[in-house]
Amino acid sequence: MATTDRQATTLALAHALSAAERGLAVLPLSRSKLPALRSPHRDDPAPSPCHGACGRLGHGVYDASSDPDRIRELFAAAPWATGYGIACGLPPHHLIGLDLDVKTGTDSSAALRELALRHLFTIPPTMVVVTPSGGRHLWLSGPPEVVVPNSAGRLAPGIDIRGAGGYLVGPGSRTGQGVYAAAPGTAHLAPAPCPRSLLRLLLPAPRAHHPLPASAGGHGQGLVQFVLAAHEGQRNTRLFWAACRAYEDGIGPALVDPLADAARATGLSEREARATIASAARMTGHRP
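The structure contained in this document is the topic of the report that follows. (Residues numbered from 1 in each chain as written. Predicted model: local features only at pLDDT ≥ 70, side-chain atom pairs only at ≥ 80, totals over all residues. Heavy atoms only, no water.)

### A short note on unusual backbone geometry
A cis geometry characterises the amide bond from Pro91 onward to Pro92, with omega recorded as 5 degrees. Mapped onto the elements, Pro92 comes out in the loop between β2 (83–87) and β3 (95–100). Phi is positive for Lys33, close to 75 degrees, though the residue is something other than glycine. Its location among the elements puts Lys33 in the loop between β1 (26–29) and α2 (68–77). Since its relative accessible area comes to 31%, Lys33 is described here as partly exposed. (Helix = DSSP H or I, 4+ residues; strand = E, 2+ residues; numbered from the N terminus. Buried < 20%, exposed > 50% of the residue type's maximum accessible area, 1.4 Å probe, protein only.)

This is how it looks when you write it as structure tokens:
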């Protein structure tokens, strides 16, 4: 590794440890802004969602930690890391990131100002990170009982949202495009509370409720409740187990929508939930 790369890794670790002192959970990133550690399941013939339950490193944002010893362990396993990511949605800040991108023909800052005028909110003083391309990341804090999903362009063109299961590139990170840095006068600021009217815009529209078919019986209701009781770090595992039991018991097709709805209620995205259920169907010899 070149000396400059070693220096970048040392600096990234120092910045990551500093972020952890503020209660932020971090993970090492490569110059591509992707997690520096590869998945330990990448060569599995039929990988199932794990999110770190196996105890090994390489589960992306699920590796994130605010424990200094754990952070040093992560960076020691990825000596090529030149940056760090900050996991969103976790206590104590329950971070929400507004990624104001810079794209041809798109003025994301103007779009945010228009939304603020239309929905009567103001972005309070908060931590702002300037990206190498000239974009900005606005850090906001969400209420602990609300799960904000990730989205791209749904709020407005050029505005991406980083929520539960996502991460923001931390200030001080060096990527192939340049260095991420705190905007002047904001480095000392904590993530400001997300305005309520903005928070409502960040949440998905309510879905139609899928009642359990009579054929699913009490066992089906029990599987749905099992998924609803999942905590952070076990949501995919519980969903996969419940879906496998449903297909093995012949009620899998009837429970696809109820299980997906339950998984979404715990914070999984629609795509992730349905991919996990489809994986369970294949594992048990059924067509998704």
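### With respect to the sheet that holds strand β10 (residues 167–169)
Taken in spatial order, the three strands make up an open sheet running β1-β2-β10, and their pairing is antiparallel. Of all strands in the sheet, those with a lone pairing partner are β1 and β10, marking the two edges. This sheet shows a mean twist of 35 degrees between the axes of neighbouring strands, independent of strand direction. Sheet analysis places β2 next to β10, joined by three bridges and oriented antiparallel. Bridging across to β10, Gly85 finds its partner in Val169. The sheet contacts of α2 involve β1 and β2, and relative to β1 the element is tilted by about 15 degrees. (Pairing = 2+ DSSP bridges. Axes fitted to C-alpha atoms, helices over the stretch in contact; angles between N-to-C directions. Contact = heavy atoms within 4.5 Å.)

### What to know about the pattern of salt bridges
This structure, assessed with the given rule, holds eight salt bridges. Across the pair Glu73 and Arg70 runs a salt bridge, and its minimum N-O distance is 3.4 Å. Placement of both Glu73 and Arg70 in helix α2 is noted, with a separation of three residues, approximately one turn of the helix. A salt bridge links Arg245 to Glu248; its shortest N-O distance comes to 2.9 Å. Taken together, the residues Arg245 and Glu248, both in helix α6 (residues 235–248) and three residues apart, mark about one turn of the helix. By relative accessible area, Arg245 is classed as partly exposed at 22%. You can call Glu248 partly exposed: its relative accessible area is 48%. (Salt bridge = Lys/Arg side-chain N within 4 Å of Asp/Glu carboxyl O.)

Honestly, that's just the spatial picture; any functional story needs more than this.
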